[in-house]
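Structural features, examined
Read off the chains here:
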Amino acid sequence: MGHSLLCLLGLFLLSTVIHGNTEVPSKPTVTLQPSWTQIYSGETVTVRCEIQGGEGAQWTYEWRAAKLNTPPTSNEYRITVTESDSGGYSCRGRRDYFFSEWSDIITLTVSYKPRPVLTVSPSWLSPGASVTLNCEVEHPSAGWSFYWYKAVPDLSEKSSSYELLPDGSGTAQDSYIIHGQTHTAGYVCRAGRGDPEYHTDHSQPEFVWSAGQFDSFCPFNKVFSNIDLIKICFIF
């Protein structure tokens, strides 16, 4: 028994000589990058375990998250998240015979892919006037860029394609102005953020109407199933 205690003491002292101290490691911190308050399914997130003052030390890591299969020596990993990745994450570090405390739990909340809402103003056009498009996404301060499209119907296929508007790729502003519009037209938007860039779904199409073009534009309801269009077609 005494011999065993002497051996353990010798290992302890050797570790002290090598590392210079016997202090217990500080409490680590789990961080998420990017640090957005809302994460959506399909986005890529980096989860990292950080130990204050631990630079250059030979740490191994343990994680508390049943779904992780992270190697114990890894202090970070990247994951393309789904709703099942929601939950709490914590870690601790180990160096030789010393363990840090477990970090506080950081909670990752993953929501379904968002669909922005597009509004147009005015929706009833005086030919030659300017039209403003606004694209609203959840948590608008979270670093979104915006993409703007004209909706082009394909009546033979009962579908549509989206034609990118001039300078409408990745704008920093959530609004887009069309100058001098003269014809009835439909528009959609979507948003993107992150690296690699993650994109929302396209918005529902919204329309700007020009007097005298309602009858010719009625086939749009076959493509978009827009109840407002159907009503207009019956009226005119």
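Residues numbered from 1 in each chain as written. Predicted model: local features only at pLDDT ≥ 70, side-chain atom pairs only at ≥ 80, totals over all residues. Heavy atoms only, no water.

Some details on the layout of surface pockets
For the largest pocket, the calculated volume is near 210 Å³. Considering the residues around the largest pocket, the lining is formed by 14 residues, among which Lys150, Leu165, Pro166, Ile178 and Tyr187 are closest to the centre. Elements with a minimum of two residues in the lining of the largest pocket: β14 (159-164), β15 (175-181) and β16 (185-193). Broken down by element, the lining of the largest pocket gets its largest block of residues, 5 residues, from β15. (1 Å grid on protein atoms, 1.4 Å probe; cavity = no way out; pocket = protein on both sides within 12 Å on 5 of 7 lines; lining within 4 Å. Points joined across faces, edges and corners; volume = space filled by probe spheres on them. Helix = DSSP H or I, 4+ residues; strand = E, 2+ residues; numbered from the N terminus.)

Remarks on the sheet that holds strand β5 (residues 76-80)
Here 3 strands make up an open sheet; going across it, the order is β1-β3-β5 and the pairing antiparallel. Every interior strand has two partners, whereas the edge strands, β1 (29-33) and β5, have only one. Across the sheet, the mean angle separating the axes of adjacent strands is 20° when strand polarity is ignored. Pairing between β1 and strand β3 (residues 44-50): 5 bridges, direction antiparallel. For Thr29, the partnering residue across the bridge sits in β3 and is Glu50. (Pairing = 2+ DSSP bridges. Axes fitted to C-alpha atoms, helices over the stretch in contact; angles between N-to-C directions.)

As for the sheet that holds strand β12 (residues 129-136)
Taken together, 3 strands build an open sheet; the order of strands is β10-β12-β15 and the sheet is antiparallel. Each end of this open sheet is capped by a strand with a single partner; those strands are β10 (117-121) and β15. Going from strand to strand, the sheet's axes swing by 20° on average, the running direction of each strand aside. Here β12 pairs with β15 via 5 bridges, running antiparallel. Among the inter-strand pairings, Val131 is bridged to a residue of β15, identified as Ile178.

Things to note about the pairing of strand β4 (residues 60-64)
Here β4 shows one buried face, formed by Tyr61 and Trp63, and one open face, formed by Thr60, Glu62 and Arg64. Bridging between β4 and strand β6 (residues 87-95) involves 5 bridges; their strand directions are antiparallel. From the neighbouring strand, Arg64 faces β6, where its bridge partner is Ser90. (Buried < 20%, exposed > 50% of the residue type's maximum accessible area, 1.4 Å probe, protein only.)

Considering the pattern of salt bridges
Under the criterion given, the structure shown has 5 salt bridges. Arg193 is paired through a salt bridge with Glu43; the nearest N and O atoms lie 2.8 Å apart. Of this pair, Arg193 sits in strand β16 while Glu43 sits in the loop between β2 (39-40) and β3, and the two are 150 residues apart along the sequence. Assessed through its relative accessible area of 2%, Glu43 is described here as buried. (Salt bridge = Lys/Arg side-chain N within 4 Å of Asp/Glu carboxyl O.)

That's the geometry; what it means functionally is another story.
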